[in-house]
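Fold and contact review
Listed below are the residues making up each chain.
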Amino acid sequence: MPVSEPPLDPTLDAERRAHADTEPMHGSAQGTGPVAGVDRSLSLPNDTATPPDHAAGPSAEVEAVVARWNPQGTALLRAVRGSGAAGTVMLIGPADAATTLLRTELARFEPRIDLSDPVADANAAVETTSPSGTAPAAVALVLLDAGTTIGADTLRVIHRLRADGTRILLAMNGIHAHQDWRSVQTRDLDLLAAQDMTDLDIVPVSARLAAAARTAGDAGLMDRSGLGALHAALAATAAGAEADGGDRIAAVTARVLSDTRQRVVEQVATLRSGGEPARLREERAVLLAGRDGGRATAMSTLRGQLHLARVDLMTEVGARIRALHTVTRGDLDRLGRAALGAYPERLQQAVTELTGAVDLAIDRRLAELSAQIDGADEQAAPSPPRRRDPAPRVGPDPDPRHRGVEDHLMIVLGASAGVGLGRLLVSPLSLVPALDFASVPVTLLLGGGAAAWVVRARGQLAERAHMRQWVSDALVNVKAQLEQRVATALVETETALADRVVRVSATRMVDTDRRVAEVEARLRRMVAEQPGQLAACERDIAILDRWISSFD
């Protein structure tokens, strides 16, 4: 039979709040007394009332209390009163640890449901439950997987079982291990409806949750496990005999009422302890502490990362310029005088390549900076757009070197040295009188050649020095432009990332304010409803105590 999932918080149940509001209350219910002040003289059952009839079952008042606090207990009471003792149920499912745990936990419920050994083969299950020459099994419990949709073989088995007159219960075991079990249940129900089996329902259960609830003594967790709903459905469906009598019904009723009273007592202790309001106040304080949406932290991180990026990029630019300067000095030392005129063009090409490498370094560093600011929990956002300027120019070509006094002095010194060298070379000719006149033109010729060579060599050195100085000045200018390029990119990135941080933090601030408002509303509602809830709990305890004491 269909079993609805019980409410997680019984104190917020609409029916119980309505029930509490209709009763007259004193003290905290009117806002003039302490929270726990409950007038025990309200319209509660008195000791002089007629003793209850256990065989007839609880009264409507008691059943209303049980329905508010223990829906599975209500289903169990109805099943026990209407069907009597439970018969044997054929279990169709995998013979694994989960099925064993389910059988173990079901065995702890009263009345006990006898389950056969699990039959793993669905096709063999039909033959087992309805063997040839014997009557088919009265009830079959089919276990479905919470992670996969019902298969065609299982649908055929259900059809054959229903054709034999077997009553079928479907249970989805292991819902704790699958977050999407609800969608699987919906698809299974749709498949059953398509096969004209709309009367079948699927009970979600988790034997592991039931075992944990039993160990921790958590009634709410036991309800969420669905094992009580499955047991109630089995008790109502599998009962094939007459009722054992009033004693059995009274024993089950006493156990249900005792379990219900324990739940009410636990809720009263929770309300009086103030644990939930304290938790809400702590949650509100945490939300208020981060009300700026993390803007201050993000901006501080952004500034620190920008400073670090500026230092790294400036250092890289300086290192690349120094490396290029070293290469140019070596090139100038190897070039001849004719090739010096074309060197500015070669330097411009090298500066363009250097600018491309610097741009790549800037882009890589800005992408890392953007990723660090966004954080690992944010979606990857594209890096802010950056302005692309052309590569720096090395400037105008070097001016022609002006000849000065130093060049004229070199001519004189070269001529003097050449004449002296010529006289040294022709001095042996002066020993021969016939060749003495020939030594003079030879001396002048050698002196002129030596002077020309010295002047040309000195001019080439001066040209290299002039070009070297021009290269140094040009690279200083290039370095300044590249540093400006880095600074501009960082400023643009800082503006874009700061705007992104402000927008994200503003969104978080709005969300935080909304959550704070929700927490405050829940806190005010909880404080306002606490007196009425305590009064309703005290009244329900009194009603249950009267019926529980009648069993003694």
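Residues numbered from 1 in each chain as written. Predicted model: local features only at pLDDT ≥ 70, side-chain atom pairs only at ≥ 80, totals over all residues. Heavy atoms only, no water.

1. Some words on the overall build of the protein chain
Spelled out, the test is: Put simply, DSSP H or I for four residues or longer makes a helix, DSSP E for two residues or longer makes a strand, and each gets a number counted from the N terminus. The contact definition used throughout considers only heavy atoms, calling two residues in contact when any of these lie within 4.5 Å. Residue-level accessible areas treat just the shown protein chains as cover; the underlying method is Shrake-Rupley with a 1.4 Å probe.
Secondary structure assignment for the protein chain yields 16 helices and 5 strands. Here the contacts in the protein chain between residues at least 6 apart in sequence split such that 84% fall between residues at least 24 apart. About 29300 Å² of surface is accessible on the protein chain, with carbon and sulfur atoms providing 56% of the total.

2. Overview of the layout of surface pockets
Rolled over the atoms, a probe sized like a water molecule indicates the empty space that remains. The condition that has to hold: In this analysis the probe radius is 1.4 Å and the grid spacing 1 Å, with only protein atoms considered; a cavity is a set of points the probe fits into but cannot get out of, a pocket is an open set with protein on both sides within 12 Å along at least five of seven lines, and lining residues have an atom within 4 Å of a point. Grid points are joined across faces, edges and corners, and a volume is the space filled by probe spheres set on the points. Lys, Arg, Asp and Glu make up the charged group, whereas Ala, Val, Leu, Ile, Met, Phe, Trp, Tyr, Cys and Pro make up the nonpolar group; the residues left over, Gly among them, are polar.
For the second largest pocket, the calculated volume is near 540 Å³. The wall of the second largest pocket is formed by 24 residues, among which Phe109, Met222, Arg255, Asp259 and Arg263 lie closest to the centre. Broken down by secondary-structure element, the contributors of at least two residues to the lining of the second largest pocket are helix H3 (71-83), helix H8 (207-216), helix H9 (219-225), helix H10 (227-238) and helix H11 (246-273). Class assignment of the residues belonging to the lining of the second largest pocket gives a composition of 7 nonpolar, 8 polar and 9 charged.

3. Some points on the packing of helix H4 (residues 97-106) against H8
The following threshold applies: Between N-to-C directions, angles cover 0 to 180 degrees, with each direction set by a line fitted to C-alpha atoms, over the stretch in contact for helices. Roughly parallel means an angle under 35 degrees; roughly antiparallel, over 145; roughly perpendicular, 65 to 115; everything else is oblique. With the far helix as reference, a near helix turned anticlockwise by less than a right angle produces a left-handed crossing, and one turned clockwise produces a right-handed crossing.
One way to put it is that H4 packs onto H8 with a least axis distance of 9 Å and a crossing angle of 45 degrees. The pairing of H4 with H8 is recorded here as oblique in orientation. Of the two elements, H4 crosses H8, and the hand of that crossing is left-handed. Here Leu101, Leu102 and Glu105 of H4 come into contact with H8, specifically with Ala207, Arg208, Ala210, Ala211 and Arg214. Of the residues contributing to the contact of H4 with H8, the split by class is 5 nonpolar, no polar and 3 charged.

4. Brief notes about the pattern of salt bridges
As a reminder, the rule being used: Every case where a carboxyl oxygen of Asp or Glu lies within 4 Å of a side-chain nitrogen of Lys or Arg is listed as a salt bridge. Note on exposure labels: buried denotes an accessible area under 20% of the residue type's maximum, exposed denotes more than 50%, and partly exposed covers the range between, all computed with a 1.4 Å probe on protein chains only.
Applying the stated criterion to the full structure yields 19 salt bridges. Note that Arg320 is salt-bridged to Glu316, the shortest N-O span being 3.2 Å. Placement of the pair is Arg320 and Glu316 together in helix H13 (residues 295-334), with a separation of 4 residues, close to one helical turn. Residue Arg320 is classed as partly exposed on the basis of its relative accessible area of 31%. The salt bridge involving Arg514 is made with Asp511; its shortest N-O contact spans 2.4 Å. Note that Arg514 and Asp511 are positioned in helix H16 (residues 439-549) at a spacing of 3 residues, about one turn of the helix.

5. Considerations on the side chain of Asn173
Secondary-structure assignment places Asn173 in strand S4 (residues 167-173). Contacts of Asn173, omitting those with residues within four sequence positions, involve Ala98, Thr99, Leu102, Leu144, Ala146, Val205, Ser206 and Ala207.

6. Some thoughts on helix H12 (residues 275-289)
Here is the rule: To estimate how far a helix should extend, the number of its residues minus one is multiplied by 1.5 Å. Here, the arc refers to the directions that run from the helix axis to the C-beta atoms.
In this model H12 runs 21 Å from its N-terminal to its C-terminal C-alpha over 15 residues, within 8% of the 21 Å that 1.5 Å per residue would give. Regarding H12, the residues found buried are Pro277, Leu280 and Leu287. For H12, the angular spread of buried residues about the axis comes to 85 degrees, placing them on one side. Seen from the open side of H12, the exposed residues pointing more than 90 degrees away from its buried face are Glu282, Val286 and Ala289.

7. Here we look at the pairing of strand S3 (residues 139-145)
Operational definition: By definition, two strands form a pair when at least two bridges between them are found by DSSP.
By the criterion of burial, S3 is predominantly enclosed, with 6 of the 7 residues buried. As judged from the 7 bridges shared by S3 and S4, these two strands associate in the parallel manner. Counterpart to Leu144 in the pairing with S4 is Met172.

8. Remarks on the confidence of the model for the protein chain
Under the convention used in this document: The score called pLDDT rates the predictor's confidence residue by residue, from a low of 0 to a high of 100.
Within the protein chain, residue pLDDT values average 74, and 72% of them lie at 70 or more. The secondary-structure element of the protein chain with the lowest mean pLDDT is helix H1 (residues 14-21), recorded at 38, while strand S5 (residues 202-205) shows the highest, at 91. Contacts for the low-pLDDT stretch residues 129-136, under 50 throughout, to residues beyond four places or in other chains number 9 contacts. Confidence over residues 240-245 falls short of pLDDT 50; this stretch has 10 contacts with residues more than four positions distant or in other chains.

9. Thoughts on H8
For H8, the complete set of buried residues consists of Ala207, Ala210, Ala211 and Ala213. Each buried residue of H8 lies within a common arc of 160 degrees when the element is viewed along its axis, so the set occupies one face. Among the exposed residues of H8, those oriented more than 90 degrees off its buried face are Arg208, Thr215 and Ala216. At the C-terminal side of H8, Gly217 shows a positive phi close to 70 degrees.

10. A word on the pairing of S5
Under the convention used in this document: Orienting the strands away from the viewer, one traces the path from the first strand over the helix to the second; a clockwise path indicates a right-handed crossover.
The alternating pattern of S5 places Ile202 and Pro204 and Val203 and Val205 on opposite faces, both of which are buried. In the sheet, S4 pairs with S5 via 4 bridges, with the strands oriented parallel. Opposite Met172, over in S5, you have Pro204 as the bridge partner. The β-α-β motif built from S4, the intervening helix H7 (residues 181-194) and the parallel element S5 has right-handed crossover chirality.

11. Structural notes on unusual backbone geometry
Of note, Asp196 is a non-glycine position whose phi angle comes to about 60 degrees, a positive value. One can find Asp196 in the loop between H7 and S5. In this structure Asp196 comes out as exposed when scored by relative accessible area, which is 65%.

12. Some points on the nonpolar core
Rules: Nonpolar core, defined: a set of buried Ala, Val, Leu, Ile, Met, Phe, Trp, Tyr and Cys residues in which side-chain atoms within 4.5 Å join the residues together.
In terms of nonpolar packing, the biggest core is built from 42 residues, with Leu102, Leu141, Leu230 and Leu234 touching the most fellow members. With near-sequence residues (within four places) excluded, Leu230 lies in contact with Leu102, Leu106, Leu141, Ala171, Val203 and Val205. Counting 35 residues, the second largest nonpolar core, distinct from the first, contains Val317, Leu335, Val394 and Met467.

13. Thoughts on the environment of Arg214
Within the secondary structure, Arg214 is located in helix H8. Overall, Arg214 belongs to the partly exposed group, its relative accessible area being 39%. Considered as a pair, Arg214 and Glu105 are 109 residues apart in the sequence and their alpha carbons are 9.3 Å apart. Leave out the neighbours within four places in its chain, and Arg214 touches Glu105, Arg108 and Met222.

14. Side note on the environment of Thr99
Put simply, the rule is: Any N or O atom pair separated by 3.5 Å or less is treated as a polar contact, with the protein-specific requirement of one donor-capable and one acceptor-capable atom, and with residues adjacent in sequence counted only for side-chain atom pairs.
Mapping Thr99 onto the fold places it in helix H4. By relative accessible area, Thr99 is classed as buried at 2%. Residues Thr99 and Pro118, 19 residues apart in the sequence, show an inter-C-alpha distance of 7.8 Å. Those residues in contact with Thr99 that lie beyond four places of it in its chain are Leu91, Pro94, Pro118, Leu143 and Asn173. In terms of polar contacts, Thr99 uses its side chain to reach the backbone carbonyl oxygen of Pro94, at 2.6 Å.

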